[in-house]
Amino acid sequence: MAAPDPALRLEDLRIRYDERAENAPNGVTFAVAPGEVVLLLGPSGSGKSTLALALNGLVPHALAATLSGSVSVNGIRTTDAPVSRLSQEVAMVFQDPDAQIVTGTVFDEVCFGPENLCLPVAEIEQRAERALRAVGLWERRFDNPDLLSGGGKQRLAIASALALDTPILVLDEPTANLDPAGIDDVYAVLSDIVAAGTHSIVLIEHNLDAAIDLVDRVVVLDRSGALAFDGPTRDVLAGNAHALAELGVWLPVATLAALRLNRGGVSLDPLPLTSGELTHALNGIRSLPDLPARAIEPPATAGPAVSVRHLTVTRRKITIVRDVSLEIGGGDFVTVIGTNGAGKTTLVQAMAGVVPPPRGTVSIGGLDPATSDARALADHVGFVFQNPEHQFLENTVFDELAHGLRVRRTRLSDAEIEVRVGEMLERFGLGQLRDVHPFLLSGGQKRRLSVGTALITRAPVLVLDEPTFGQDRERANELLSLLRELHASGTTVVTVTHDLQLVAEYASHVAVMHEGRLLAFGPTDEILSDGALLEVAGLVRPPLARALRGVTAHPSWQGVTRLADLPGGDA
Amino acid sequence: MSAALDPYSTRPGVTARHFLHALNPLAKIAGPLPFMVYLLFVRDIATPLAFACLALLLVTVGARLTPRLGIALWLGLPLVVGVLSLSFGLWTDASRVDHTPLLFQLGDYRFFLGAWLIGLATALRLGALLSLALIAGLTMTGPDLVRALVQHLHVPYRIGYTALAAYRFVPRFRHELDGIRHAHRVRGIAGGRGPLAALRRYLGYIVPLLVGAIRHAERVALAMDSRAFGAFETRTERYLVPLRARDWIFAAAFWVIGASVIVGTARLG
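The rules behind these values
Residues numbered from 1 in each chain as written. Chains lettered and ligands numbered in written order. Predicted model: local features only at pLDDT ≥ 70, side-chain atom pairs only at ≥ 80, totals over all residues. Pairing = 2+ DSSP bridges. Helix = DSSP H or I, 4+ residues; strand = E, 2+ residues; numbered from the N terminus. Axes fitted to C-alpha atoms, helices over the stretch in contact; angles between N-to-C directions. Domains from an automatic or database assignment. Contact = placed C-beta atoms within 7 Å. Nonpolar A, V, L, I, M, F, W, Y, C, P; charged D, E, K, R; others polar. Buried ≥ 20, exposed ≤ 12 C-beta atoms within 10 Å, placed from the backbone.

Outline the sheet that holds strand 9 (residues 217–221) of chain A, supporting the account with residue identities and numerical values.
The pairing of strands in a sheet comes from backbone hydrogen bonds and takes either a parallel or an antiparallel form. Residue and element names in this part refer to chain A. Pairing is mixed across the open sheet formed by six strands, whose spatial order is 6-7-8-3-9-10. If you trace the sheet from one side to the other, it starts and ends with strand 6 (90–93) and strand 10 (227–232), each paired once. Neighbour-to-neighbour, the strand axes of the sheet open up by a mean angle of 15 degrees, direction not taken into account. Bridge count for strand 3 (residues 37–41) against strand 8 (residues 200–204) is four bridges, and the pairing is parallel. Residue pairing across strands places Val37 opposite Ile201, the latter belonging to strand 8.

Next up, the structure:
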């Protein structure tokens, strides 16, 4: 029996952007059958997004690139048809929800594509209604898309894609910019679409824990952009877990935990891919080894680094932070968590004096940000913004780092500045780039530079606003290891983040914000093992904690939240 | 269904009495436009005063005004015109008007009635231009204007709707600019105070803002291309902005009334 014609066929696909020297992807061949769901994985730079853009012809029609080999969608070669024709076969959903909205209402937004196809009004409105009902936004059809949450906007983008009535749907990191609630939202919609079986789907996603249940097949690109693995989900992920980890591809947390346990003498075979499978596997083992002793946290120095007393922040008559009091000990690694709009960013901005708090409510190193100017404050606290580009002021990497020293009240000599900046350049691997314009750095380098500029005054407290937002896992890990080093050397670190598994791995203390109030503040384990608390805050227990909570056969393991607390040691 | 789904046609509080909202944007522009041009060249007081009153009356009767906007139009605008008339008057060459009554004297400086009247004429022209522009400005929306331009003046839709998409950039850039300003302030700005330092500071916002803008625009363009934007010579218009008899009547009536105002004020003068 002949296999059905593939919906998508890539043959020896190589793409090189005009300004690049390398091909990425580089010689990729695979096909996607009608109704099949394929997850595309690979380290950053492997060309996943470029490949996605080639599927509807944006590469090479809209973006200047050289393409060799071929992409065919339902038998049409993408090089032979314009994007507008291909968009009737392949619909796209991109990462940034804000960059996909072009009209003034939810309903108009969904109609935009069909209107471009010159369909009759009645059919357009029918399609729009169907698409909006499919993603649960029909009730909000009159709203301005700006009023939707991040997850809502992304569902709208999916509805807009569905309204094009294409057999193929391509999603490029659709949840990278969303909070956990938004991610759940989007995956609820996607699993409906998958269940309906109407679309072939190509999904690029780093959050495997969310995606794994939906996917039939996994295709992995390696660092050079070549095809590394292609096969059914379980075969690829469980069968090649070590190789994938080495490639820098993120695995589901359950699989990572199992790999670690295998090293520690707990053999789990087959490797679990989901939290549920891990729970089940561990419950099936008669005796588990003792948990290793906790690595000793660096001792907190005497006295609080930051203290907040009855802080209330009101902006345009809306109270964003309400009566928050907390003390952050010197040398702690504190993460502020909560849903969107819980007041996390406002809280840390007030702590660091980015937005001056009311007088007498914040003290940082004995200084009140309300009454001290930016230069004096810079000696006590460094702040890293979500978008590093926002804070660059100078024309070279060297000057960027030197800036913080030059504007200080207590002047340093040029020689001293040279020495300090030199140290910082070395520490962050930017030595070769000292004369480069900050905007010409790569994403990871920009991020490192922004952390460097915050540290140059040797402030004992470093505050970061969602430092991993919109970044892939590799970059997020790179940054977090950097923060861990800083923490180990005594810096007090305060961050805001959505990713609770990262919180579990890195933070010593967690502050939970909800609707402007501080719900709880305490050691990470205590907070993350309190399911009721997280639920009130609108959060979900991170995947590892979720898996181990259910290990009722071994009660001593139920409170584990961090990979590092499992036996097995680092690879 | 379409009418109810058009966010721009259903504005809160707009009823049948507010007839300006129901007119085609092109009619609301075509009516006042010739007189706005004419006002650039008049020098008297009566003509701009008459047009300003005409426009304000029309807006008050035919547009949905919030109380605040009403106060701004009827009290704020005259106040601004009054202040402007004084300041324009101060610029007037006193020797040309020293035959008119003296209004007040500050040291050597003398302010004559004639100077004030010249200032008033200029200020009233500005006020009248603004009021005429408000007839369309207060009662139409960007999307409606774009649709009317595309449907009746055959402006290419690719340009019109791209402009509409760009509309959405504004709030995003404001947000982005806020972020940049915060970030720069926290870093401590070198260069101290004063207008030059401020200028330097503003220049410093441009690069990050521009980089962000270009990246955003590129993404929006890819998203629009992916949804078949520009596929055909035309696209389906779900909202028609027709030119009806009432639009022609409005424009014609405006021309007739405007012309009689000109004739009338000329007789007065």
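Picking up after the structure, the text goes on.
So, the domain arrangement of chain A: which residues are in play, and what are the values?
One can read the domain layout of chain A as domain 1 (1–89 + 167–179 + 194–232), domain 2 (100–165), domain 3 (304–380 + 460–540) and domain 4 (389–458). Using C-alpha coordinates to define each centre, domain 2 of chain A is positioned 37 Å away from domain 3 of chain A.

Describe the interface of chain B and chain A, and please don't skip the residues or the numbers.
Opposite the 41 residues of chain B that make contact, chain A presents 50 residues. Listed by contribution, the elements that provide at least two residues to the side of chain B that touches chain A are helix 9 (169–187) and helix 10 (195–226) of chain B. A total of 13 residues in the side of chain B that touches chain A trace back to one element, the largest contributor, which is helix 10 of chain B. Its residues assigned to classes, the side of chain B that touches chain A comprises 21 nonpolar, eleven polar and nine charged.

Pulling in residues and values, what's your account of helix 13 (residues 344–352) of chain A?
Side chains that are three or four residues apart share a direction in an α-helix, a result of its 3.6 residues per turn. Residue and element names in this part refer to chain A. By the criterion of burial, helix 13 is predominantly enclosed, with nine of the nine residues buried. Within helix 13 the residues assigned to the buried category are Lys344, Thr345, Thr346, Leu347, Val348, Gln349, Ala350, Met351 and Ala352. Taken from the residues just after helix 13, Gly353 is the one with a positive phi, measuring 80 degrees.

Explain the sheet that holds strand 13 (residues 333–337) of chain A to me, using residue names and the numbers behind them.
All names here are of chain A. If you trace the six strands from one edge of the open sheet to the other, you get 15-16-17-13-18-19, paired in mixed fashion. This sheet does not close on itself; its edge strands, each paired only once, are strand 15 (381–384) and strand 19 (517–523). Mean inter-strand twist for the sheet, computed between neighbouring axes without regard to direction, equals 15 degrees. Relative to strand 18 (residues 509–514), strand 13 is paired through four bridges, and the arrangement is parallel. Directly across from Ile337, in strand 18, lies its bridge partner Val512. The strands that helix 17 (residues 443–455) touches are strand 15 and strand 16 (461–465); relative to strand 15, the one it contacts most, it runs at about 160 degrees.

Tell me about the pairing of strand 1 (residues 8–17) of chain A, and name the residues and values.
In this sheet, strand 4 (residues 65–73) of chain A lies alongside strand 1 of chain A in antiparallel orientation, the contact comprising eight bridges. Each residue of the ladder has a partner; that of A:Glu11, found in strand 4 of chain A, is A:Ser70.

An account of the domain arrangement of chain B is needed here, citing residue identities and associated values.
In terms of domains, chain B is made up of domain 1 (13–140 + 242–268) and domain 2 (157–226). Using only C-alpha atoms to locate each centre, domain 1 of chain B and domain 2 of chain B end up separated by 35 Å.

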